[in-house]
Structures are given as C-alpha cells and as structure tokens.
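# Descriptive analysis of the structure
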Amino acid sequence: MRKLIILIGTLGALLTPVAVPAVQPDEVLANPVLEQRARAISSNLRCLVCQNQSIDDSDAPLARDLRLIVRERLVSGDSDTEVYDFVVARYGEFVLLNPVFAGHTIFLWVATPILLVASFIMLAVLAARRRNIRTGAPSLSSEEAKILEQLRSE
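Residues numbered from 1 in each chain as written. Predicted model: local features only at pLDDT ≥ 70, side-chain atom pairs only at ≥ 80, totals over all residues. Heavy atoms only, no water.

Before going further, it helps to spend a moment on the confidence of the model for the chain. In the predicted model, the chain carries a mean pLDDT of 83, and 87% of its residues have values of at least 70. Averaged pLDDT values over the elements of the chain bottom out at 75 in helix H1 (residues 2-15) and peak at 92 in helix H4 (residues 80-91). (pLDDT = per-residue confidence, 0-100. Helix = DSSP H or I, 4+ residues; strand = E, 2+ residues; numbered from the N terminus.)

Here you go:
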C-alpha cells in the first residue's frame with residue numbers, strides 16, 4: 001500500500017504542469033534591472049497565438065517576437081507605460097492579459113458580479129416557490145376527506 005501511494009504521488013508530481021518561462025538565453029538582457037522589467041511586462045501581455053498564455057510563457061514564434069520588441073523598447077529607454085502603449089497600439093487591447101478599466105470595457109468588469117448576484121437571487125426565488133408549492137397544498141374538503149378515509153379502509 002505504501003509503494004502504491006509513493007507511485008501515485010510521483011506520477012502526480014511528474015504530470016503536474018510547471019509554468020516555465022519560454023525566454024531563450026539569447027533574449028535575456030545583460031542589465032538585470034531591465035530584464036526584470038521585461039519579464040514583468042511580458043508576463044502581462046497575451047500571446048496572440050496561444051491566447052491563454054503570456055508571451056513570457058509561450059514558445060510561439062510571435063511570442064518571441066513580442067518579447068524581443070519589449071526588450072528593444074526598454075533598451076531604447078522607454079518606460080513601462082510607453083512599452084505597453086506601443087504594443088497595444090500595434091496589436092490592440094486584446095494583447096493585454098488584464099483588460100483596462102475604461103468606459104468601453106466596463107461590461108467586462110461589471111457583468112460577472114451582476115450575473116452572479118442575479119443568479120443567487122433567482123435561485124432564492126425558485127427555492128422559495130418550491131417551498132411554497134410543497135407547504136401551500138390546498139386542504140381537502142370534508143367530502144373529499146370522507147372519500148379518502150373510505151379508500152384507506154378498504
């Protein structure tokens with residue numbers, strides 16, 4: 001039994017996906033401060049090929065190109081905001097893993113909590129109706145009660 005537990009634990013550890021940055025050694029900047037900034041920026045940018053990974057985690061060629069663009073912009077002296085603005089201007093807001101909070105994205109930020117609250121209210125109303133249906137059954141008339149007693153006694 002102990003060997004089985006160890007085997008299952010080992011297989012679980014081996015099969016667990018580990019997020020390993022896809023940054024290649026030739027992409028790494030010599031300046032550790034700039035490299036740290038590049039990693040922070042690229043972890044917030046979406047891979048346009050994978051769409052569920054950051055460019056820091058993606059092996060796609062386009063993700064590599066975007067990582068290189070980020071590093072080039074940082075080396076040229078751009079601030080983090082200027083790098084984000086450049087990438088968004090080139091690829092659109094979809095490239096941001098976290099959408100900006102603005103008038104045109106307010107639905108993304110507000111819809112989920114509203115739908116969640118509405119769902120809870122709807123469930124509460126349905127539960128109350130179901131409870132009322134069970135407890136609110138009409139009582140039998142005296143004639144119906146006599147007929148029911150006769151049927152039970154037979």
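How two aromatic rings sit relative to each other is set out by the distance from centre to centre and by the angle between their planes. Enumeration over the complete set of coordinates arrives at zero aromatic pairs. Here the guanidinium or amino end of Arg46 rests over the ring plane of Phe94, the centre of that ring lying 4.5 Å away. A cation over a ring is seen here: Arg73 above Phe86, with NZ or CZ 4.0 Å from the ring centre. (Phe/Tyr/Trp six-rings, centres within 6.5 Å; stacked < 30°, edge-to-face > 60°. Lys NZ or Arg CZ within 6 Å of the ring centre and 35° of its normal.)

It is at 9 Å that the axes of helix H3 (residues 61-75) and H4 come closest, and there the two elements cross at 140°. As the angle between them shows, H3 and H4 are arranged oblique. Here H3 and H4 pass one another in a crossing that is right-handed. For the pair H3 and H4, contact is made by Leu62, Leu66, Ile69, Val70, Arg73 and Leu74 and by Asp80, Val83, Phe86, Val87, Arg90 and Tyr91, respectively. (Axes fitted to C-alpha atoms, helices over the stretch in contact; angles between N-to-C directions. Parallel < 35°, antiparallel > 145°, perpendicular 65-115°, else oblique. Left-handed = near helix turned anticlockwise from the far one by under 90°. Contact = heavy atoms within 4.5 Å.)

Here we take up the environment of Gln53. Here Gln53 is to be found in the loop between helix H2 (32-42) and H3. The spatial distance from the C-alpha of Gln53 to the C-alpha of Ala63 is 9.6 Å, given a sequence separation of ten residues.

This part is about the nonpolar core. In this structure, Ile41, Leu45, Ile55, Val70 and Leu74 are the most contacted members of the largest nonpolar core, which totals 16 residues. Listing elements by their share of this core, those giving two or more residues are H2, H3 and H4. Sort the elements by how many residues they give to this core and H3 lands first, with four residues. Apart from residues no more than four positions distant in its own chain, Val70 is found in contact with Ala38, Ile41, Leu45, Ile55 and Val83. (Core = buried A, V, L, I, M, F, W, Y, C linked by side-chain atoms within 4.5 Å. Buried < 20%, exposed > 50% of the residue type's maximum accessible area, 1.4 Å probe, protein only.)

This model, assessed by the stated rule, comprises six salt bridges. With a closest N to O distance of 3.8 Å, Arg39 and Asp56 form a salt bridge. Linking Arg39 in helix H2 with Asp56 in the loop between H2 and H3, this pair joins segments that are 17 residues apart in sequence. On the accessibility criterion, Asp56 (7% relative accessible area) is buried. Taken together, the shared-partner salt bridges connect Glu35, Arg39, Asp56 and Arg71 into one network. (Salt bridge = Lys/Arg side-chain N within 4 Å of Asp/Glu carboxyl O.)

What follows covers the environment of Ile41. Along the polypeptide, Ile41 turns up in helix H2. It is 9.6 Å that separates the C-alpha atoms of Ile41 and Ser54, two residues lying 13 residues apart in sequence. In contact with Ile41, not counting residues within four places along its chain, are Val70, Leu74, Asp80, Val83 and Tyr84.

This brings us to H2. Taken together, the buried positions of H2 are occupied by Leu34, Glu35, Ala38, Ile41 and Ser42. The buried residues of H2 occupy an angular sector of 125° when projected down its axis, which confines them to one face. Facing away from the buried side of H2, by more than 90 degrees, are the exposed residues Pro32, Val33 and Gln36. Its buried side turned inward, H2 meets H3 and H4. The backbone nitrogen of Val33 has a side-chain oxygen 3.0 Å away, supplied by the residue at the start of H2, namely Asn31. (Arc of directions from axis to C-beta. Polar contact = N/O pair within 3.5 Å; in protein donor to acceptor, adjacent residues only side chain to side chain.)

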